[in-house]
Amino acid sequence: MSNSGHKPDGGSAPQNAPPLNKPKFWNDPKKRSLLFQVLLLAALGFVFYTIIQNTLTNLEQRGMTTGFDFLSREAGFGIAMSLIDYTEASSYGMTFLVGLLNTILIAVMGIFAATILGFILGVARLSDNWLIAKFSALYIEVFRNIPLLLQIFFWYYAVLRTLPTPRQSLEFFGSFLNNRGLIMPAPVPEDGFGLVTIGFFAAIVASWLIARWSRKRQELTGQQFPVILTSIGLIIGVPLLLFLFSGLPLGLDHPELKGFNFKGGITVIPELIALWLALSIYTASFIAETVRAGILAVSHGQTEAATALGMSKAKTLRLIVVPQAMRVVIPPLTSQYLNLTKNSSLATAIGYPDLVNVFAGTTLNQTGQAIEVIAMTMAVYLTLSLLTSFFMNWYNARIQLTER
Amino acid sequence: MKYEIQPTLPPPSSMIGVVGWLRKNLFDGPYNSVATIVVGYFLISFLVPTIQWIFIDSDWIGTSRDACTSGGACWVFIANRLDQFLYGFYPEAEHWRPQLAFIILIGSIIWLVLPQTPKKGLVATLLLVVYPIIAYFLLYGDLFGLPQVETHLWGGLTLTLVLAVVGIVASLPLGIVLALGRQSDMPIVKSVCVTFIEIWRGVPLITVLFMASVMLPLFFPEGMSFDKLLRALIGITLFQSAYMAEVIRGGLQAIPKGQYEAADALGLGYWQKMILIIMPQALKLMIPGIVNTFIALFKDTSLVLIIGLFDVLAIGQAANQDPDWIGYSTESYLFIALLFWVFCFSMSRYSQHLEKKLHTGHGNR
């Protein structure tokens, strides 16, 4: 009874049986899916063809040129803040670069602050201390339910713009805070400062070597070595000692009030401060929830086991709970980093010269090359997104739970 | 010797009641005590003046800034501009139209949220299919003798709600189609959907809005002009549907394979399988994710001010620049923040409630 009727060598299928009804064309899943895909391709092709035709006609009628030649033309407008040399005589290509660097700067600053704040709040929300837990919950519920743009406006227009004028600046530690921003003394390296820099990097290498050595030793003998304390001591201590012994080779360029504004020093523009505050405070509330979910995902037995072994609360958190929570936390944390980077484009609303503001704003308006400019801007964010998720996926795979 | 069981003694008085609660929750050991005192000090020194500023020292009644004399918040400013905050530049005689649209919306939502009401399915279908049409003709007019109100006059909370509701209603079906496409066996369908989703998710909403406002007109034949609001809506919907698709894909992946196999074994076709077996389960699983996307969309509607639409935040920005009311921007930001916060917070609470209610207890999530 094991005949299936389909075995070619079975011989049990009668030769003269009536042929199986050949399924109708539209009932054969393979042919149907083929047809469907061909139709989809045709529809997409038609849509793109129409769009391109329309665009070309429209561009021609408005007398607009296409192509990337505009990138080498002179831009002729100033930018409030740039990390590289930029003047009004620079090209549109340079405006792209300036905007890109400013975007990266705010993204890195934001990610750094939001991560620290978010982790503190996430752990705090699970604290035994009622007041701290409730405070953290309140923070999270307030800030993540208010639009980011509103928060940026609040910091910029309601807080920083109402600071006193340069003449009545708030002064602290040689820095000045006023409605033009934060003006700090700029460090000016003198002869011998290179030695301090070398010492700093040497200390980092030494810490890394010590960490490796101590991990090996712990695996072999079980003895622990205070790696973190030693590393901090080395990284701060070595450059500091070199700095002191080589005769303080660092001058400070103090800002001075000249006329209506400050001369010298470093100026952090208020747009950057407002954007940084808003992005970090807003994203931190999401990171905190991610961290909390991660900590809750670690089985309570782990904490109990650690307590039974006599580990202190802080040590349990640092050595047992957080490393395991990280596995759950990393993927959503990656999304938060990406969101922060993309949200930094809201800079354009208050005039921080990021990519969208400088390039998709001023450059687009001056050149009118909408398609090229928008495409380049989108490509930058797409690349940043893909790079970040690539890096985080790699990190995620590295720390993934390996079951034996 | 006679042994007698003694009654259990009550816990010491320092472990129960207010004192016990304080000891357990606030002063449990030296670290906690210090933390409580430090956090408590900061909270009090921040909250007391804030509450004083918002409620006690504030002015509520008046017609101009002269009424704001007590040094606290000047709510007179908000009260005088409330109409603009709610309706933008919508003609005053026609305010009943957005009001009616809003009342129908709130009414049907309450109907859906309350547990006892019957015919939820019908109401939900009406809300998703018929309501947008009614609301459009109510707001836009030009039919049934209603005077036409151009979309550039729409503004304030009305515009914010229009953007959010249309975005939500339109992006959900598109998201479902994209998610199904991404799970499909057909390689071309799959790669088209993956490309669409990844591109929209990888770029900021602002660039999508810029694209909608400067590039979309180039894509259409000469003379075919699109309303600015419609262009923004297209951009928001495309952007949001990519996020929705990923949320729904998560739900589809969480359905055990046995469900698909059982549906196949019953001889159900693809659409029967999806509509009757898979989608209801996936959508239920994904309620928190879908509501989160709604909340994100609701907050993101504020970005349309960058392309020159007057949503509630843009109205606030404009009000702050009014020379008669300069210096009261904190009040208007607080008011708008409260509006957004109420909507978003209630959405998130309702989703948590639904999640609990619909959790039928199988599986160990």
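In the annotation of an unreviewed UniProt entry, chain B is listed under the name Amino acid ABC transporter permease and assigned to Amphritea atlantica. The UniProt entry for chain B carries the following comment under Sequence similarities (unreviewed entry): "Belongs to the binding-protein-dependent transport system permease family. HisMQ subfamily."

Chain A goes by Amino acid ABC transporter permease in an unreviewed UniProt entry, where it is assigned to Amphritea atlantica. Quoted verbatim from the Sequence similarities (unreviewed entry) field of UniProt, the annotation for chain A is "Belongs to the binding-protein-dependent transport system permease family. HisMQ subfamily."

Caption draft 1: Fine view of the side chain of Ser58 of chain B. Residues and elements named next belong to chain B. Summarising the element assignment, Ser58 is placed in the loop between helix H2 (29-56) and helix H3 (75-87). Take Ser58: its relative accessible area is 10%, and that puts it in the buried class. One polar contact links the side chain of Ser58 to the main-chain carbonyl oxygen of Phe55, over a distance of 2.9 Å. Leaving out residues up to four positions away in the same chain, Ser58 has contacts with Trp53, Ser70, Gly72, Ala73 and Trp75.

Caption draft 2: Representation of the interface of chain B and chain A. Opposite the 52 residues of chain B that make contact, chain A presents 51 residues. The contact between chain B and chain A buries some 4600 Å² in all, and 72% of this surface belongs to carbon and sulfur atoms. The largest per-residue losses of area from chain B upon contact with chain A belong to Leu218, Lys299 and Tyr333 of chain B, which jointly make up 15% of the total buried on that side. Counting the contacts that link chain B with chain A gives one salt bridge. Glu141 of chain A serves as the salt-bridge partner of Arg349 of chain B, at 3.4 Å between the closest nitrogen and oxygen. Among the elements of the structure, helix H1 (17-25), H2, helix H7 (187-202), helix H8 (205-219), helix H12 (287-300), helix H13 (312-320) and helix H14 (329-358) of chain B are those that each provide at least two residues to the side of chain B that touches chain A. The class makeup of the residues in the side of chain B that touches chain A is 37 nonpolar, 10 polar and five charged.

Scoring rules and cut-offs
- Residues numbered from 1 in each chain as written.
- Chains lettered and ligands numbered in written order.
- Predicted model: local features only at pLDDT ≥ 70, side-chain atom pairs only at ≥ 80, totals over all residues.
- Heavy atoms only, no water.
- UniProt positions renumbered as here; feature names shortened; annotations may be inferred.
- Helix = DSSP H or I, 4+ residues; strand = E, 2+ residues; numbered from the N terminus.
- Buried < 20%, exposed > 50% of the residue type's maximum accessible area, 1.4 Å probe, protein only.
- Polar contact = N/O pair within 3.5 Å; in protein donor to acceptor, adjacent residues only side chain to side chain.
- Contact = heavy atoms within 4.5 Å.
- Buried area = accessible area lost by both parts, 1.4 Å probe.
- Salt bridge = Lys/Arg side-chain N within 4 Å of Asp/Glu carboxyl O.
- Nonpolar A, V, L, I, M, F, W, Y, C, P; charged D, E, K, R; others polar.

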